[in-house]
Amino acid sequence: VPFFSQHFDRLLEAMKLLEMVIPASFSETFILKEIQHLLRVNKFFKSAIIRFTVFRNNGGKYFPVTNTVSYLIEATPLKESNYTLNNNGLTIDIFRDFPKVSTPFSGFKSGNAQIYIAAALKAQQSGKDDRSEERRVGKECRSRWSPYH
């Protein structure tokens with residue numbers, strides 16, 4: 001898994017910020033083995049996109065009863081097994097309709113993807129390949145293709 005250590009470190013950082021209890025078994029080795037098992041079971045022997053979702057366990061709605069977590073691993077096979085460049089390039093724009101507010105949570109992906117969906121819809125409507133979000137302070141964010149939103 002390319003850049004797995006960086007993704008794993010970022011996951012732990014987000015979990016700590018959200019005051020989630022990190023299970024003792026949650027190690028790079030354990031998670032990587034879980035991902036590899038999922039890929040084997042689904043017979044994804046080439047390339048795949050992995051989505052690893054961690055969520056707080058049941059109870060309490062906005063006032064958590066527990067900070068323990070569960071996780072879900074999703075794998076989607078890719079057509080290409082190597083990184084390829086788009087020979088045509090991309091046409092992008094800055095999405096200014098809803099500036100992204102900069103907070104300690106801004107650097108982490110979450111289940112709340114409305115700003116990325118709104119930016120992608122606007123890109124489609126205007127014939128662009130992508131739109132990058134604008135932060136409230138006027139600086140660009142990374143695009144939806146970036147591993148770090």
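Residues numbered from 1 in each chain as written. Predicted model: local features only at pLDDT ≥ 70, side-chain atom pairs only at ≥ 80, totals over all residues. Heavy atoms only, no water.

### Points about the nonpolar core
- Met15, Phe26, Ile31, Ile35 and Val54 are the most contacted members of the largest nonpolar core, which has 15 residues in total.
- Breaking this core down by element, the ones donating at least two residues are α1 (4-17), α2 (28-41) and β2 (69-77).
- Counting residues per element, this core draws most heavily on α1, at five residues.
- Leaving out residues up to four positions away in the same chain, Val54 has contacts with Leu11, Met15, Met20, Phe26, Val69, Ser70 and Tyr71. (Core = buried A, V, L, I, M, F, W, Y, C linked by side-chain atoms within 4.5 Å. Buried < 20%, exposed > 50% of the residue type's maximum accessible area, 1.4 Å probe, protein only. Helix = DSSP H or I, 4+ residues; strand = E, 2+ residues; numbered from the N terminus. Contact = heavy atoms within 4.5 Å.)

### A closer look at unusual backbone geometry
- Phi is positive for Phe3, which is not a glycine, with a value near 60 degrees.
- The phi dihedral of Glu19 is positive, around 55 degrees, even though this residue is not glycine.
- Owing to a relative accessible area of 59%, Glu19 belongs among the exposed residues under this scheme.

### A short note on the pattern of salt bridges
- According to the stated counting rule, one finds two salt bridges in the structure shown.
- When the shortest N-O distance is used, the salt bridge between Arg51 and Glu74 registers 3.0 Å. With a gap of 23 residues between them, Arg51 in strand β1 (residues 48-56) and Glu74 in strand β2 connect regions that are remote in the sequence. (Salt bridge = Lys/Arg side-chain N within 4 Å of Asp/Glu carboxyl O.)

In short, geometric facts, not functional conclusions.
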